[in-house]
Amino acid sequence: MKKILIIEDEAALQHAATQALKTGGFEVLSAIDGEEGLRLAEAGLPDLILLDIILPKKDGFEVLSELKASDKTKDIPVIVLTNLESPGDVEKALELGAKTYLVKLNYRLEEIVEKIKEVIG
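Anyway, here's the lowdown on the structure attached to this text. (Residues numbered from 1 in each chain as written. Predicted model: local features only at pLDDT ≥ 70, side-chain atom pairs only at ≥ 80, totals over all residues. Heavy atoms only, no water.)

### Comments concerning the overall build of the protein chain
Okay, step 1: Scanning the protein chain from N- to C-terminus turns up five helices and five strands.
Okay, step 2: Ordered by position from N to C terminus, the α and β elements of the protein chain give β-α-β-α-β-α-β-α-β-α.
Okay, step 3: The C-alpha radius of gyration of the protein chain comes to 13 Å, within 12% of the 14 Å expected for a compact globule of 121 residues.
Okay, step 4: The buried share of the protein chain, reckoned over its 121 residues, is 45%.
Okay, step 5: Expressed as a percentage of contacts within the protein chain between residues at least 6 apart in sequence, the contacts between residues at least 24 apart total 61%.
Okay, step 6: Of the roughly 6100 Å² of accessible surface on the protein chain, a fraction of 51% belongs to carbon and sulfur atoms. (Helix = DSSP H or I, 4+ residues; strand = E, 2+ residues; numbered from the N terminus. Rg over C-alpha atoms; globule rule 2.2 N^0.38 Å. Buried < 20%, exposed > 50% of the residue type's maximum accessible area, 1.4 Å probe, protein only. Contact = heavy atoms within 4.5 Å. Areas by Shrake-Rupley, 256 points an atom, 1.4 Å probe, with all protein chains shown as cover.)

### Description of the pattern of salt bridges
Okay, step 1: Scanning the model with the defined rule gives eight salt bridges in all.
Okay, step 2: Note that Lys-104 and Glu-10 form a salt bridge whose closest N and O atoms lie 3.9 Å from each other. Placement of the pair is Lys-104 in the loop between β5 (100-103) and α5 (109-120) and Glu-10 in the loop between β1 (3-7) and α1 (11-23), with a sequence separation of 94 residues.
Okay, step 3: Accessibility expressed as a relative area gives 40% for Glu-10, which makes it partly exposed.
Okay, step 4: What emerges from the salt-bridge pattern is a single network uniting Glu-8, Glu-10, Asp-52 and Lys-104. (Salt bridge = Lys/Arg side-chain N within 4 Å of Asp/Glu carboxyl O.)

What is shown is where atoms sit, not what they do.
Following this line, the structure appears as structure tokens:
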């Protein structure tokens, strides 16, 4: 079973995404801040990380650059899921190594699950 790590501080979205992914046949790890997310990524080595940008302790950009700098986690695909829509943010996330950048308001959870399946097969 493929393992997904969700790093998201918004409890309602964290819960809904966890349920949608479990229904989609995934095992789910979840973190509510950037530091916890990095710890879980290193310890759990998920198949994919769903990452918010606006996070407590370390923001998503910091998390992404640390993930990509570590030999242990650099090959884990990361999908950014955030409310930030500015082209600068999108560009920064992709430059740091995100596979895909999704704006929360533009996607339903089912579509996000489909994107995850596309990325990890």
